Amino acid sequence: MTEHRATTVAVLGSTNMDLVAYTAVAPRRGETVSGREFRTLPGGKGANQAIAAARAGGAVTMIGAVGDDAFAPRLRAALAEAGVDVEGLRTVPGASGVAHIVVDDEGGNAIVVVPGANGTVTGLAAGDEARIAAADALLMQLELPSEAVLAGARAARAHGVRTVLTPAPVRPLPDELLSLVDLLVPNEHEAAALTGTSEPLAAARALLDLVPEVVITLGAAGSLYASRVSEPVSVPAVRVRAVDSTAAGDTFVGALAVAAGEGRPMPGAMSWASAAAALSVSRPGASASMPGRAEIDLLHSTAPTTWTAS
């Protein structure tokens, strides 16, 4: 295995229990369909990114909240077992966050998120700023209240920590938050919602008016990188048979943060993260599907790693 300095990553985000139903075809409005399997799996965009980064070789700390319900111990244990520091994961009265997920036979999904304890995280608690200050990168998403995301971004900027934001679930982003983001990582649908254009390259260029760097994930079409100081680059996806696409984007972001923190050029980091995401979609579940570093290295070594100017 290649020697590397472990990237230190702080994640400010959600922790949910995923309630996953597997069915041939997802139900339409008013329709009932039969499912073949049901699972309860630890997830949440924040916890997913934390676990992905830890399994990819990062030194990761999680900042967020769980409830005092039956799901909470399992959620906390899933993070700890992956090697994530959970000292910053608060316990609050009430229910933990949950996500109701339907996965069809093509690996597609539809998700309803109920915030629960995540909705109580409206700012940083004692010790959180120090956790952020100690990191190479801060990963955030939008499953926490906006006040918490902004507080995290302010702390990261104050301590010179790189801020990576996944704008999901997508919503309008305050100007101050955008001014504090170093790298924005939307998928193609989120990029279109933020810019009003569905053409990825046009969307990336529009987003560069707001943030200095953008990576747009494009599913099976790979990913697109754009920055204010270099030409756009497209990186292909690693081809696998998709079983469950849940958390593929979070796997990509967690692995990307680790690879970039190790000093890999962004196209190379994206290629490595694409291998991680490919492994995650080839098996069921969210955090349960995320690969370890050795698996990522192996697949990456056998997959095409070329990228092209866009």
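Structure report, in brief. Only a predicted model underlies this, so the values are computations on that prediction, with no experimental measurement involved.

**Points about the pairing of strand β6 (residues 97-103)**
For a regular strand, side chains alternate in direction, first toward one face of the sheet and then toward the other. The element β6 is largely enclosed, with a buried count of five among its seven residues. As paired strands, strand β2 (residues 16-23) and β6 are joined by seven bridges and run parallel to one another. Within β6, the residue paired with Asp18 across the bridge is Ala99. Alignment of β6 against strand β7 (residues 109-114), held across six bridges, turns out to be antiparallel. For His100, the partnering residue across the bridge sits in β7 and is Val112. Hairpin connection from β6 to β7: five residues lie between these consecutive antiparallel strands, with Gly107 at a positive phi of about 85°.

**A short note on the pattern of salt bridges**
Per the counting criterion, the structure on display carries twelve salt bridges. Among the salt bridges present, the one from Arg162 reaches Glu213, with a minimum N-O distance of 2.9 Å. One end of the pair, Arg162, is in strand β9 (residues 162-165); the other, Glu213, is in strand β11 (residues 213-217), with 51 residues separating them in the sequence. For Arg162, a relative accessible area of 27% puts it in the partly exposed group. We classify Glu213 as buried; its relative accessible area is 16%.

**Observations concerning the nonpolar core**
Of all hydrophobic cores here, the largest spans 53 residues; its most connected members are Val60, Leu79, Val84, Val215, Phe252, Leu256 and Met270. Ignoring anything within four residues of it in the chain, the contact list for Val84 reads Ala50, Ile51, Ala54, Val60, Thr61, Met62 and Leu79. Residues Ala153, Ala203, Leu208 and Ile216 belong to the second largest nonpolar core, which totals 39 residues.

Rules used in this analysis
Residues numbered from 1 in each chain as written. Predicted model: local features only at pLDDT ≥ 70, side-chain atom pairs only at ≥ 80, totals over all residues. Heavy atoms only, no water. Buried < 20%, exposed > 50% of the residue type's maximum accessible area, 1.4 Å probe, protein only. Helix = DSSP H or I, 4+ residues; strand = E, 2+ residues; numbered from the N terminus. Pairing = 2+ DSSP bridges. Salt bridge = Lys/Arg side-chain N within 4 Å of Asp/Glu carboxyl O. Core = buried A, V, L, I, M, F, W, Y, C linked by side-chain atoms within 4.5 Å. Contact = heavy atoms within 4.5 Å.

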